[in-house]
Amino acid sequence: MRAVIAGAGIAGLVAARQLGLAGWQVDVLERGPGPREDGYMMDFFGPGVHAAQEIGLYDTLAAVAYRVVAAAYVDARGRETARLDYARFSRLAGGDVLSLLRPDMEEALRREAGLVPGVRLHYGVRASGVDEQSGRVFVNTGEPGHSFTADVLIGADGLHSAVRQAVFGPEQRYLRDLGMRAAAYIVHEPRLNELIGGRFLLTDSLGCTAACYGLRDGRVAALLVYRPAPGDPQQVRERLRARCAGLGELPDRLLALCPADPYDDVVAQVVMPRCVSGRTVLLGDAGGAVSLLAGQGGSLAVAGAARLAGLLGPLRQTERIPSALADFEQRWRPTVDSAQAAGRRAAANFLPQTRTRLLMRRWVLRAAGLPLVDRIIARQISAQIAR
Ligand SMILES: Cc1cc2nc3c(=O)[nH]c(=O)nc-3n(C[C@H](O)[C@H](O)[C@H](O)COP(=O)(O)OP(=O)(O)OC[C@H]3O[C@@H](n4cnc5c(N)ncnc54)[C@H](O)[C@@H]3O)c2cc1C
């Protein structure tokens, strides 16, 4: 049995490892020239944690996780206006939250996938066209004579998936823009790192939220979420400075250190009526991005990949692939729908547009310290995870 996976991100690497362990031959195509070094910090909890435990990846991920002590909103002078201890967040999220830098997580998953016979990673290879004939899928790479053939194609190529475009149609049909953009980069700044300590800091501000984590070796991971406006500069760094300057000393320092062309993309969801067509299935963000505001995209990428590989892995006859894919789609859809609904709710509050909304959020965050509100949040989170 043979699979081609487009994308060596979180979903692609986990699916490759699991299918390889089940005895499949797997080619993973990654358009990037090599492993990614830049990225952002992710909270990893819920379905992904349970899946990682089940498939034996949890310890690998826990070994590269950061220990974050608290998430705190700060005002322009750097004073905390609200705080949530991570120990409590962990309890509310069902017991386990790993804080993982995306490149660290991918490196750990790549190591695991690389240990499995039958898994081959091809960097600098872009999936660009797909054709299916007589139960075989042909994946073109844009280079004449360089294509891959398989029994199943897994499109794990992220928010702007080329596989989705080729098989299901144009991006605008499925991408739901939540009206914000997010930029992320890592800088070396020991002084800020020390100031941040083990906290995840967010500015309590209008129009743009600047957030940061202290990393190992004096580095700082910066995240800026902002509402774009007509007439914004084209160049990313200039746009960030136009949108996010003046939020305080700490975010201004991060802006001063911003590279010219950091990661910057729309905050969006991918909403599709189906993620399977013939022998092609979309996995992770490609077929059901929930947005960074749901805080679960990486978690769902792991859980979805484990679920899909669990259904495909045991097959020994290619004719049974379509029913396994249909089964996956039916079982997985409710989890994605529920996380997307949570993402849309979070989007409504994440970036207040008026002072009244900002004050309301401040009040809710302060109230979150009270025992009753604590229980309500716990119920909401656990219901979300249970679904
Ligand atoms: C700023 C930010 C913060 C986030 N925070 C969190 C968080 O706290 N918790 C959480 O769970 N999630 C978080 N997420 C979401 C999470 O990062 C994604 O949901 C997750 O990475 C999706 O994994 P994936 O494997 O589906 O896609 P990706 O990680 O996007 O991987 C896709 C891969 O496919 C490759 N690719 C693209 N096109 C092609 C092609 N044509 N051919 C071959 N390869 C291709 C890409 O280079 C990439 O390596 C955050 C996202 C952002 C942007």
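Under an unreviewed UniProt entry, the name given to the protein is FAD-binding monooxygenase, and the source organism is Glutamicibacter soli.

1. A few points about the sheet that holds strand 18 (residues 280-282)
Spatially, the 6 strands line up as an open sheet ordered 7-2-1-11-18-17, and their pairing is mixed. Each edge of the open sheet carries a strand with a single partner, namely strand 7 (119-123) and strand 17 (276-277). Sheet topology places strand 17 next to strand 18; 2 bridges connect them, and they run antiparallel. When the sheet's bridge partners are listed, Ser277 is paired in strand 18 with Thr280. Contacting strand 11 (152-155), strand 17 and strand 18, helix 12 (residues 321-350) crosses the sheet at an angle of about 20 degrees to strand 18.

2. Considerations on the nonpolar core
Core analysis: the largest hydrophobic core is formed by 80 residues, its most contacted members being Phe44, Leu61, Met105, Ile154, Leu283 and Leu312. No other element matches the 10 residues that helix 11 (residues 297-312) contributes to this core. Apart from residues no more than four positions distant in its own chain, Leu312 is found in contact with Leu19, Trp24, Val152, Ile321, Ala324 and Leu325. Within the second largest apolar cluster, 28 residues are counted, among which are Ala82, Met180, Tyr213 and Val225.

3. Overview of the UniProt feature "domain: FAD-binding" (unreviewed entry) in the protein
The positions that UniProt labels "domain: FAD-binding" (unreviewed entry) are, in the present scheme, residues 3-335. Helix makes up 34% of residues 3-335 and strand 30%. Its end C-alpha atoms lie 24 Å apart.

Definitions and limits used
- Residues numbered from 1 in each chain as written.
- Predicted model: local features only at pLDDT ≥ 70, side-chain atom pairs only at ≥ 80, totals over all residues.
- Heavy atoms only, no water.
- Pairing = 2+ DSSP bridges.
- Helix = DSSP H or I, 4+ residues; strand = E, 2+ residues; numbered from the N terminus.
- Contact = heavy atoms within 4.5 Å.
- Axes fitted to C-alpha atoms, helices over the stretch in contact; angles between N-to-C directions.
- Core = buried A, V, L, I, M, F, W, Y, C linked by side-chain atoms within 4.5 Å.
- Buried < 20%, exposed > 50% of the residue type's maximum accessible area, 1.4 Å probe, protein only.
- UniProt positions renumbered as here; feature names shortened; annotations may be inferred.

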